[in-house]
Amino acid sequence: MPTYEYACKDCRKTFTLTMTLGEHEKARVACPKCKSKKVEQQFAAFFAVTSKKS
Ligand SMILES: [Zn+2]
């Protein structure tokens, strides 16, 4: 099952949820800390691969 990472825009908490693709599509994600619905999905770290030469 994929893991989705979210960040709350109100309290800046980041949290992860594991759910199926179908659940994700209709999910109403709320922050577990402040219950805000203003959460933003974070994209997985593998999209942000940087290659640094040392
Ligand atoms: Zn929050």
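Refer to the structure above for everything that follows.
Report on the accompanying structure. These figures come from a predicted structure and were not determined experimentally.

Here we take up the coordination of the zinc ion. Protein-derived coordination of the zinc ion comes from Cys-8 (SG), Cys-11 (SG), Cys-31 (SG) and Cys-34 (SG), at a distance range of 2.2 to 2.4 Å. Considering all four donor atoms around the zinc ion, angles at the metal cover 106 to 117° and the coordination shape is tetrahedral. Read in sequence order, the donor residues for the zinc ion give the motif C-x2-C-x19-C-x2-C. Taking the relative accessible area as the measure of exposure, Cys-34 reaches 34% and is therefore partly exposed.

Non-glycine residue Arg-12 carries a positive phi angle of around 70°. Mapped onto the elements of the fold, Arg-12 is located in the loop between strand 1 (3-8) and strand 2 (14-18). With a phi angle near 65°, Lys-35 is a residue other than glycine that sits in the positive phi range. Tracing the sequence through the fold places Lys-35 in the loop between helix 1 (21-26) and strand 3 (39-42). A relative accessible area of 61% places Lys-35 in the exposed class.

Analysis parameters
- Residues numbered from 1 in each chain as written.
- Predicted model: local features only at pLDDT ≥ 70, side-chain atom pairs only at ≥ 80, totals over all residues.
- Heavy atoms only, no water.
- Donors = N, O, S within 2.8 Å, 3.2 Å for Na, K, Ca; no water.
- Tetrahedral: all angles 85-135°; square planar, octahedral: opposite > 155°, others 65-115°.
- Buried < 20%, exposed > 50% of the residue type's maximum accessible area, 1.4 Å probe, protein only.
- Helix = DSSP H or I, 4+ residues; strand = E, 2+ residues; numbered from the N terminus.

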